[in-house]
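Notes for the structure review
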Amino acid sequence: MSMPLTRVLSLAAAVGAGALLMPALANAQGTERQRLACMTDAMTLCSRDVPDTRRIERCLRRNYDRISAPCQGELDAANAAASPGVPQYGR
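Right, let's walk through the structure included here.

Calculation rules
- Residues numbered from 1 in each chain as written.
- Predicted model: local features only at pLDDT ≥ 70, side-chain atom pairs only at ≥ 80, totals over all residues.
- Heavy atoms only, no water.
- Helix = DSSP H or I, 4+ residues; strand = E, 2+ residues; numbered from the N terminus.
- Contact = heavy atoms within 4.5 Å.
- Core = buried A, V, L, I, M, F, W, Y, C linked by side-chain atoms within 4.5 Å.
- Buried < 20%, exposed > 50% of the residue type's maximum accessible area, 1.4 Å probe, protein only.
- Patch = residues over 30% accessible without salt bridge, like charges linked within 9 Å, V, L, I, M, F, W, Y side chains within 5 Å.
- Areas by Shrake-Rupley, 256 points an atom, 1.4 Å probe, with all protein chains shown as cover.
- Salt bridge = Lys/Arg side-chain N within 4 Å of Asp/Glu carboxyl O.
- Lys, Arg positive; Asp, Glu negative; His and termini not counted.
- Charge placed at Lys NZ, Arg CZ, Asp CG, Glu CD.

1. A few points about the environment of Ile 67
With respect to the helices and strands, the residue Ile 67 is situated in the loop between helix H3 (53-62) and helix H4 (69-82). Distance in space between the C-alpha atoms of Ile 67 and Cys 38 is 7.9 Å, their sequence separation being 29 residues. Setting aside chain neighbours within four positions, we find Ile 67 in contact with Asp 41, Leu 45, Leu 60, Gln 72 and Leu 75.

Structure follows, in structure tokens:
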């Protein structure tokens with residue numbers, strides 16, 4: 001059974017975006033845990049910012065209310081580590 005062309009193109013675009021995003025996030029300051037928690041959110045909300053990791057992070061922070069709970073947790077933890085004593089981001 002063959003896939004419709006639109007499905008093939010969508011799949012190719014998703015794989016291409018993932019291939020672009022993976023090295024960008026791998027080179028970021030983030031941990032593997034942070035990358036895993038935020039990968040889907042970054043690809044969904046911030047694909048236009050690839051491969052600029054700083055822009056991806058800013059995009060995720062701008063869209064804090066729209067990202068997954070695990071990604072929010074990682075952003076909160078990173079924020080707390082960077083600014084001890086400052087209330088967590090988004091809270």
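2. Quick look at the nonpolar core
Ranked by internal contacts, the top residues of the largest apolar core, which has 13 residues, are Cys 38, Cys 46, Ile 56, Leu 60, Ile 67, Cys 71 and Leu 75. Elements that contribute at least two residues to this core include exactly helix H2 (32-45), H3 and H4. Looking at which element gives the most residues to this core, the answer is H2, with 4 residues. Excluding residues that lie within four positions of it along the chain, Cys 38 makes contacts with Leu 60 and Cys 71.

3. Some points on a positive patch on the surface
Side chains of Arg 48, Arg 54, Arg 58 and Arg 62 sit close together on the surface and give a patch of like positive charge. Inspection of the secondary structure puts Arg 54 in helix H3. For Arg 54, a relative accessible area of 64% puts it in the exposed group.

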